[in-house]
Amino acid sequence: MGNLRSLIAFGLELFNTAFRRNRFNFGDPDVLARLESMVPVIGNTLYSSSSHVLIKGLKASSAIVKCPLKKLEKSVPVFVRRAIDILKGIGNTESEVAQTALKSLATIVRDKSNAEVKEKDLVFLLELLAPDLEEPGRQASVFAMLRAIVARKFIVPEIYDLMERVSEIMVTNQSPQVQELCRSVFLQFLLDYPQGKGRLRTTMSFLAKNTAFTYESGRLSVLELLSAIVSKFEESLIGDFADLLFVSLVMVIANDDSTKSREMAAEIVKSLFLRLNSDHRQLLMSHLRSWANQQANPQLTRVAAQVYGIILDALQANATTYLSSMIEGLNMNIQRSAEQLTKEEDEMDVDSEWQVAYHSLTVLGKIIRIFPDVATREQTVSWTAVVTHLLFPHSWVRMAAARVLGQLFSMLPVAEAPRDGYPATSPLAGLDLKEIAEKHSTQLKSPHLNSALGLQIVKNLLYIGKCFCVAKVSDPQPAGDIESEDDDRDDEEHEHEEVNGDNPLAWLFSKLSYQIRSAYIARRNRPANSVSEALYLCMDMNSRSRENRRIGTSNPPLFFASSRQWQISWKLPCCRNS
């Protein structure tokens, strides 16, 4: 008897191995005829009292149901019945036989439409699976069975209770593999099973609440599911829960300390806006307008600016409807920040205030990139407030302000500044190019100047220098050489600024030349390179001037420094990239 069981187990193992290695040609009638005779044989092995034979037989039954055989129509219900009876006889899922029976039953139920499970058997299976949802060694078979049940849309009240457990495990479990299994099963359940409005709202509230879960892995798992929900649910359902989801996602963007969580939330907000109709979009924009007006709460104004940028990224040119409210909110933020900046430094909380200014300027730059006419439209952007941020204590804000100004300059033709200021219709109305140039020059002195900001400053100074170049100026007054290195450089710079006060290009040239000299002496290599490039560009621009006017003397470098000093400094700009 023992030898017979060994022979049966050996034959079943040969069949399983051949099937696993694709040795059966289902297009060959002879092969199919031999397999037809195997169906009742495999079915008989499921009645064996030997666990070794049962394991091999269960594996063989889940394999042969994938073959195009006629006898399977009658044999599949027998396979299902025997697998359930084996599980009932064992009473738990701890043994290898029970685990194999679960996996085989899951395969048969999933792949064969005539594999029916009675309601009482389904309840038994769900009760059997529930304790093992968080058992690492048995989760593979448990979730395989759950996926099969959900795929066939078998409905009993117990499955709703079990799915609540699955949703909790999706958040609390720390294993990425288990979280992925839970998400896939739960999403399929939400898509395919009847969900009453009350139950679905409870589910959405649960997900929204857990976007603030304690551990990052749980928050990311919830965000992954929300991303799938937003992309796969019907638009009408998305609209019903848009308000709830939007607020929870915005709170993630505002408060989460995980960069990955914030980025995922931002992507979901983009997808959400693209799925909503105009009425629901207007509702969400009303929330943002309300937050943008909360000037006493910098966190709300900051997150409103951030979300404006996210919406712009999503809608692009289709954001025209919301453009005016966006610009209004951004201008308020920038103006308030500028007012704070002009007060005493100790009255400004740089740690919190810089984010409002930075995000507002960044989003303003996005608006100008998408809608270029905004930059040149009369009284649309508060450019004076933007200029104020060129010397903001935080370098990111300086960079954002310089870039926005650079966008403006790139759209304006080079023109002479009127004596009485620019007309009200000009975007430069109220601005002083000399003041802007001075702020840019001051930035070049910063020891924290990076290459990106230095390059943007150079571009802006080049435009300003071109405007200075076309300006009508009186003949410059001569100035003597400066021979002593021990003189105070600040006094020298101030003296030459006064000499060249009526010639803005000469003033700019003088200012930059003294900065490069000071930077070289102080051995500040990075700022020195930026100053050198700015100075060289101004020199090049001046040399191309149509009037070829002289700046102080016929030899500009020697006018601003002694010959020995300039021989040292002159090497710096020559190293620039052409």
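Residues numbered from 1 in each chain as written. Predicted model: local features only at pLDDT ≥ 70, side-chain atom pairs only at ≥ 80, totals over all residues. Heavy atoms only, no water.

A. Quick peek at the overall build of the protein chain. For the protein chain, the count of helices and strands is 28 helices and zero strands. Taking all 578 residues of the protein chain together, the buried fraction comes to 52%. The contacts in the protein chain between residues at least 6 apart in sequence include a share of 71% that link residues at least 24 apart. Just so you have it, the protein chain exposes about 27800 Å², and 49% of that area is on carbon and sulfur atoms. (Helix = DSSP H or I, 4+ residues; strand = E, 2+ residues; numbered from the N terminus. Buried < 20%, exposed > 50% of the residue type's maximum accessible area, 1.4 Å probe, protein only. Contact = heavy atoms within 4.5 Å. Areas by Shrake-Rupley, 256 points an atom, 1.4 Å probe, with all protein chains shown as cover.)

B. The nonpolar core, seen in detail. Grouped together as the largest cluster of nonpolar side chains are 174 residues, with contacts concentrated most on Met 145, Leu 146, Phe 246, Ile 367, Trp 383 and Val 386. Sequence-distant contacts of Phe 246, defined by excluding residues within four places in its chain, comprise Val 269, Leu 272, Phe 273, Leu 284, Leu 288, Trp 291 and Val 307. (Core = buried A, V, L, I, M, F, W, Y, C linked by side-chain atoms within 4.5 Å.)

C. Broad picture of the packing of aromatic side chains. For the structure shown, the criterion picks out 13 aromatic pairs. Between Tyr 160 and Tyr 193, the ring centres sit 6.4 Å apart and the planes meet at 85°, which makes this aromatic pair edge-to-face. In this pair, Tyr 160 is assigned in helix α8 (residues 157–172) and Tyr 193 in the loop between α9 (176–192) and α10 (197–209), connecting sequence segments 33 residues apart. With relative accessibility at 12%, the residue Tyr 160 sits in the buried group. (Phe/Tyr/Trp six-rings, centres within 6.5 Å; stacked < 30°, edge-to-face > 60°.)

D. Examining a positive patch on the surface more closely. A surface patch of like charges, here positive, comprises Arg 20, Arg 21, Arg 23, Lys 59 and Lys 103. Relative to the helices and strands, Arg 20 is located in helix α1 (residues 2–20). (Patch = residues over 30% accessible without salt bridge, like charges linked within 9 Å, V, L, I, M, F, W, Y side chains within 5 Å. Salt bridge = Lys/Arg side-chain N within 4 Å of Asp/Glu carboxyl O. Lys, Arg positive; Asp, Glu negative; His and termini not counted. Charge placed at Lys NZ, Arg CZ, Asp CG, Glu CD.)

E. Representation of the pattern of salt bridges. Scanning all chains against the criterion turns up 16 salt bridges. Salt-bridge contacts for Glu 116 lead to Arg 152; the nearest nitrogen and oxygen are separated by 3.3 Å. Of this pair, Glu 116 sits in the loop between α5 (96–111) and α6 (119–129) while Arg 152 sits in the loop between α7 (139–151) and α8, and the two are 36 residues apart along the sequence. The salt bridge partner of Arg 138 is Asp 132, with a shortest N-O separation of 3.2 Å. The same class applies to Arg 138 as to Asp 132, namely buried. In this structure, a network of salt bridges that share partners links the residues Arg 81, Arg 82, Asp 85, Lys 88 and Asp 121.

F. The packing of helix α3 (residues 51–64) against α5, seen in detail. At a minimum axis distance of 9 Å, the contact between α3 and α5 shows a crossing angle of 15°. The orientation of α3 with respect to α5, classified from their angle, is roughly parallel. Where α3 crosses over α5, the two elements pack in a sense that is left-handed. For the pair α3 and α5, contact is made by Ser 51, Leu 54, Ile 55, Leu 58, Lys 59, Ser 61 and Ser 62 and by Glu 96, Val 97, Thr 100, Ala 101, Ser 104, Thr 107 and Ile 108, respectively. Across the contact of α3 with α5, the residue classes break down as six nonpolar, six polar and two charged. (Axes fitted to C-alpha atoms, helices over the stretch in contact; angles between N-to-C directions. Parallel < 35°, antiparallel > 145°, perpendicular 65-115°, else oblique. Left-handed = near helix turned anticlockwise from the far one by under 90°. Nonpolar A, V, L, I, M, F, W, Y, C, P; charged D, E, K, R; others polar.)

G. Representation of the environment of Gln 295 within the structure. Of note, Gln 295 is situated in the loop between α15 (278–292) and α16 (298–315). On the basis of relative accessibility, which here comes to 21%, the residue Gln 295 falls in the partly exposed class. Note: C-alpha distance between Gln 295 and Met 332 (37 residues apart in sequence) is 8.5 Å. The contacts of Gln 295, once residues within four sequence positions are left out, are Thr 301, Met 332, Asn 333 and Arg 336.

H. Spotlight on the environment of Leu 323. Structurally, Leu 323 can be placed in helix α17 (residues 323–342). Leu 323 has contacts with Ile 367, Phe 371 and Val 374, leaving out every residue within four places of it along the chain.

I. Quick look at the side chain of Ser 141. Structurally, the position occupied by Ser 141 is in helix α7. Taking relative accessible area as the criterion, Ser 141 reaches 1% and is therefore assigned buried.

J. Layout of the side chain of Thr 107. Tracing the sequence through the fold places Thr 107 in helix α5. You can call Thr 107 buried: its relative accessible area is 14%.

K. Molecular detail of unusual backbone geometry. A positive phi angle is found at Asn 22, which is not glycine, with a value near 60°. With respect to the helices and strands, Asn 22 occurs in the loop between α1 and α2 (29–45).

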